[in-house]
There are 2 protein chains.
Amino acid sequence: MGKSKAYLDCRTREQAQVLWRERLAACGFFDQLPVEEVALDEALGRVAAASVYAAQSVPHYNSAAMDGIAVRAADTFQAQETAPVKLTLLSKDHPFSKGGCYVVDTGDVLPEGTNAVIMVEEVHFAAGEAEIIAAASPWQHVRIIGEDIVANELVVAERQVISPVDIAALWAAGLETVPVILKPKVAILPTGDELVASRRELKPGSILDVNSHMLAAAVRQWGGEPTRYGIIKDQQEALEAAVQEALRRHDMVLVNAGTSAGTEDFTFDVLSRLGEVLVHGVAIKPGKPVVLAICAGKPVVGLPGYPVSAMLTAEMFVKEALAERQKLLCAEAPEEEAVVVRPLASTVGVEEYVRVSLGQVQGRMVAAPLGRGAGLISSLTRAQGLIRVPEGSAGLNAGSTAAVRRLRGGNAAHSLLAVGSHDLSLELLGIHLRRRKKEIHLSCANVGSTGGLLAIRNNEAHLAGIHLLSEATGQYNLEQVRAYLPARPWLLVHLAMRQQGLMVAPGNPKAIQDLRCLTRPGITFVNRQRGSGTRMLLDYELKKLGLSGADINGYEKEVGTHMTVAASVASGTVDVGLGVLAAARALGLEFLPVAAEQYDLLLNFEPCDERLELLLEVLRSQEFRADVEALGGYDLSGSGDILGQGNG
Amino acid sequence: MGKSKAYLDCRTREQAQVLWRERLAACGFFDQLPVEEVALDEALGRVAAASVYAAQSVPHYNSAAMDGIAVRAADTFQAQETAPVKLTLLSKDHPFSKGGCYVVDTGDVLPEGTNAVIMVEEVHFAAGEAEIIAAASPWQHVRIIGEDIVANELVVAERQVISPVDIAALWAAGLETVPVILKPKVAILPTGDELVASRRELKPGSILDVNSHMLAAAVRQWGGEPTRYGIIKDQQEALEAAVQEALRRHDMVLVNAGTSAGTEDFTFDVLSRLGEVLVHGVAIKPGKPVVLAICAGKPVVGLPGYPVSAMLTAEMFVKEALAERQKLLCAEAPEEEAVVVRPLASTVGVEEYVRVSLGQVQGRMVAAPLGRGAGLISSLTRAQGLIRVPEGSAGLNAGSTAAVRRLRGGNAAHSLLAVGSHDLSLELLGIHLRRRKKEIHLSCANVGSTGGLLAIRNNEAHLAGIHLLSEATGQYNLEQVRAYLPARPWLLVHLAMRQQGLMVAPGNPKAIQDLRCLTRPGITFVNRQRGSGTRMLLDYELKKLGLSGADINGYEKEVGTHMTVAASVASGTVDVGLGVLAAARALGLEFLPVAAEQYDLLLNFEPCDERLELLLEVLRSQEFRADVEALGGYDLSGSGDILGQGNG
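Here we summarise the structure given alongside this text. Computed from a prediction, not measured in an experiment: that's the story for all the values here.

Parameters at a glance
- Residues numbered from 1 in each chain as written.
- Chains lettered and ligands numbered in written order.
- Predicted model: local features only at pLDDT ≥ 70, side-chain atom pairs only at ≥ 80, totals over all residues.
- Heavy atoms only, no water.
- Buried < 20%, exposed > 50% of the residue type's maximum accessible area, 1.4 Å probe, protein only.
- Helix = DSSP H or I, 4+ residues; strand = E, 2+ residues; numbered from the N terminus.
- Least-squares fit on C-alpha atoms with pLDDT ≥ 70 in both.
- Contact = heavy atoms within 4.5 Å.
- Pairing = 2+ DSSP bridges.
- Axes fitted to C-alpha atoms, helices over the stretch in contact; angles between N-to-C directions.
- Expected span 1.5 Å × (residues − 1).
- Salt bridge = Lys/Arg side-chain N within 4 Å of Asp/Glu carboxyl O.
- Polar contact = N/O pair within 3.5 Å; in protein donor to acceptor, adjacent residues only side chain to side chain.
- Nonpolar A, V, L, I, M, F, W, Y, C, P; charged D, E, K, R; others polar.
- Core = buried A, V, L, I, M, F, W, Y, C linked by side-chain atoms within 4.5 Å.

A look at helix 8 (residues 424-436) of chain A
Within helix 8 of chain A, 11 of the 13 residues are buried, leaving the element largely enclosed by the surrounding structure. Taken together, the buried positions of helix 8 of chain A are occupied by Leu424, Ser425, Leu426, Glu427, Leu428, Leu429, Gly430, Ile431, His432, Leu433 and Arg434 of chain A.

This is the structure in structure tokens:
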């Protein structure tokens, strides 16, 4: 039950960031950086360590900027329409003499003695002479030395990120190498007795070391050079030795994790002994147990163990430090306004970060919160935006507006938001849409069929997957949609018939064959919640067989997802449950088909949205149908059929 | 004078891009891409070649999500405040029996037989028993198998750019490698008799091969793998052989240049023979002479020779093709509105691209056009934005609004726009400002002192470098500013005293000593334009000496910049000119100091702009003063002194 050890001083994020910046500056982390000289062809994306000045002028000679004749301007000053001036045509090897001229092409060296070019269109050539009727001003149509870059002029400024055009300018200016900042060396130390390095070592209770790989990639993305250490056991001496070793060869050290207040968390103690701990605990969620320290004059960061917390706090305290050191501009998307579709409770006194899906629905930017657990890596990979709930706020109501920062670039205006019952075919739908138009991104929030209907009614989604069976008629979806959305436009499109079935342990030890077996003595069952499509299907099928839920041991126990049902079966807590094939497959269960159910898409698009056409195109395509049917348990022969529409 | 050969068919950019995309699709450039399997630690930024599905569920075991006791939910259903239920505490090695429970910490494996956790705060422990007063629902406070990622679920979709969190998700899902698209191999063939590969081979008339380095870096930035070929001479056979060889080993070939209609331009002919030329000439400026062809089933692009044209057309036809092949989203900044400060003439029928500096001045985004020559590499490195003048437009008036696309990222709201007389110290000012705040970018447009006054008056700049001498009083700047800006706020701050002097050929062959020598017979001079600070200085100094311009041979000949004066002297066209030390140094001229002139900054900031404080801080800092004085010819002892201000 873990002893409690109070955090040294839990600061706000802003206090912690300000203090961190100050102390990093004080310990010299932002200047006196090691430099290397690299060839220009290797310089792309590197940061110039010093300002670089031109070694030669560009162009390096005076040249004709037009086809025509090169002249001495003074010889032309008398020329007028009424009094043409005749100049003698000289050959290129002939030295210039007063009143002479040379024929030149664009780019030719301007012959010595001349200082202007007259365009060929304005010259009348006749027997060894060129006749002109207007004066030339000095240097007209001449590309002069240094017109582009002057010798000794600045070409690339210190701390500039070197781009292709900078490389061009440096080459042109006579340089072949450029001094760049050596990438900051960052050590990453994964710690914890429960950690294992590879999937082959995994057993119940052990955790795969994922964070060190994620942090190494993040450090690389932020312009650093990461070193991943091997896993360090929860022993004070081992950790202390590793940190000391890492400090000798790196500019910054990250320890992950061992930063919370549990019994086996030594990071704070070790860093206190090796140097000065500036911050222990920041009032943010996720991510509170972060440690910021300066040891041996170098920054050491203790990051929390949950992946979401580790990533969020690394962005706050590592990314910023690396960027400031190299003067890199962090290309952060500006904050945008979005309507939050579900209430977000938050703790006063803690700044909370919530991952969301984003989409532009009927002209409003809509944010659908994803899972908030600090352990949910999938909420990071699926998130398109991050909402910051300020520490003074107790949360956001559904329908209220929040500032959201976009992750992963892209354009939320191209995102399709699917809110409703989840199905694996939706992910394939996203992939096929993107094949047709690469900007499209489909994000899914899984709230069940009824939640999907609600989201469409409230203009909070572009599409909702639904499978709502009417017990009275045995029909799916259409009448429920009609009843629920009388006052707005919608389109109902068929996606698939999919198999629901009974999930049982491998080998089917209780020899269950069909729904009738659920009433057999000694058989335990787990049910889905009221309102879910699967519960409706069960009730409908039981009724057809003349059975009642009261006859089933466990009918009254409700869980919320296909996967929870499968986990109940897999752990042996119950014998059987009803769900889709995919959930059974995921946990290695056996699957006995019960019924094919109709899974449709309820759509909500603006009239001229080209993505609607693309969506129907995909649903009707052979490639998409084949891909979904390959999952097993699907029939897509009617996918893309329009089942009905409302006009509002 | 170059024979004229008509372009095959000059298309609009849009026509050319549509046709190019269609034909690239038809020849399979966008699919059937070669794939390589890379370790996850090498996968950052690569593009997934196929969708990747989880090999295991995450978490891979059911675990306690809270500190407390693990129970079987069914055993707790009777518990109420008035009727507590007592459960027997079991040790972990004891198998579960009805009515038992286990003490668990967060993260512990959920003991077999249990299916819920009750928080420690809600348990009363007593002699081998745990007493509870509320029922637990199944799976409460349990982190179930697959809660984050379910086995066989999609982890990374095809064509997704792999990020640090994707690497985390892939690791967690039991994967160690990922299939990624082999980077497209792009050959770059520099062609031209005038090209030389290194600075050491340069002579008048030859051109350094800069473009192949720039294009290679650009291809790398766009996700391709470039190969730079050696320079190919302007011989049809040589070019043909090189293109054929390159096609065998690459996915795309770029030929640069030889694409215009001159006599020695074989690219079109060679590509016609090797395959099909789709486009020869696009109605854009710069960049018209582009050739798009399909040879041996692969795309070949002939890019124009001028660096600006080459880069612009490569972005249109190479970047897009590489992005579409890999389904990369081009993170292009959205177009913004900006006020154009100078008129921009444009040709009807041609889509014109103009590089600009950008800055947010008094609430308006202001765009100052840079040099428009297709050969000006510096206009690419200095540009912060690109204005597209549509083909139907004859140009833009000063003060009109245009759509501008930001280059180089960053935030134009942080850009300081300097419009006025140029001085090398301004570049150092920009560097020192950025040292203090990395987001600041100082861009300079050089239009002379009077142009600077005008820009400040019109709210088109934050600062203007000026050196305006009043012949009547011998004073600099202040009274001119007062006279010119009676109706608006401004601040005049001193920057430096700088040396102007006479520039003469190396060795000073005419033995010129001072301004008096200009009137000597046989000495030729070149002057600066009326209104320039240097012209005013000359007139003032001549007057002091009792000399008149009429006595100087060349006084009436005017050129526009310090560098043009220097080039006139360097080429031997004239003997002497007046200008700053830097220009003399650039062309290796000798310099005879004439007078120190006062160079000040006229400032135009919004009242609360923190950058004004930073600017004054820099001007008054020892580091900045030392850096500028090291240029030679500068005295900064009073830099940062406030000389006057207006209140409007």
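Here we look at the relation of the copies chain A and chain B
For the pair chain A and chain B, the superposition axis carries a translation of 0.1 Å, the fit reaches an RMSD of 0.1 Å, and the rotation angle comes to 180 degrees. In short, the pair behaves as if placed about a two-fold rotation axis. A symmetric contact is evident, with 99% of the interface residues of chain A recurring at the interface of chain B.

Focus on the sheet that holds strand 6 (residues 100-104) of chain B
All names here are of chain B. Sheet architecture is open: six strands sit in the order 7-4-6-5-9-8, paired in mixed fashion. What marks the edges here is a single partner per strand, and that holds for strand 7 (116-119) and strand 8 (124-126). Averaged over all pairs of adjacent strands, the angle between strand axes in this sheet comes to 40 degrees, irrespective of strand direction. Relative to strand 7, strand 4 (residues 68-71) is paired through four bridges, and the arrangement is antiparallel. Within strand 7, the residue paired with Ile69 across the bridge is Ile118.

Some remarks on helix 6 (residues 307-326) of chain A
All names here are of chain A. Taking 1.5 Å of rise per residue, 20 residues should cover 28 Å, and helix 6 covers 26 Å from first to last C-alpha, within 8% of that figure. Most of helix 6 sits inside the fold, with 18 of its 20 residues counted as buried. A positive backbone phi angle near 55 degrees is found at Lys327, which sits one or two residues after helix 6.

Some remarks on the interface of chain A and chain B
Chain A puts 105 residues into the contact, and the matching count from chain B is 104 residues. Counting every contact that joins chain A to chain B gives 10 salt bridges. With a closest N to O distance of 3.5 Å, Asp41 of chain A and Arg228 of chain B form a salt bridge. Run the count over chain A and chain B and you get 34 residue pairs in polar contact (both at pLDDT 80 or more). Elements that contribute at least two residues to the side of chain A that touches chain B include exactly helix 2 (164-172), strand 15 (207-208), helix 3 (211-221), helix 6, helix 7 (377-382), helix 8, helix 12 (562-570) and helix 13 (581-586) of chain A. The element contributing the most residues to the side of chain A that touches chain B is helix 2 of chain A, with eight residues. A per-class count over the side of chain A that touches chain B returns 50 nonpolar, 27 polar and 28 charged.

As for the nonpolar core
In terms of nonpolar packing, the biggest core is built from 70 residues, with Trp20, Met252, Leu254 and Val301 of chain A together with Val178 of chain B touching the most fellow members. Tallying contributions element by element places helix 6 of chain A first for this core, with 10 residues. Contact partners of Met252 of chain A, with chain neighbours within four places excluded, come to Trp20, Phe29, Lys185, Val186, Ala187, Pro299, Val301, Phe317, Val318, Ala321 and Leu322 of chain A. Listed in part, the 69 residues of the second largest apolar core include Val180 of chain A together with Trp222, Leu278 and Val290 of chain B.

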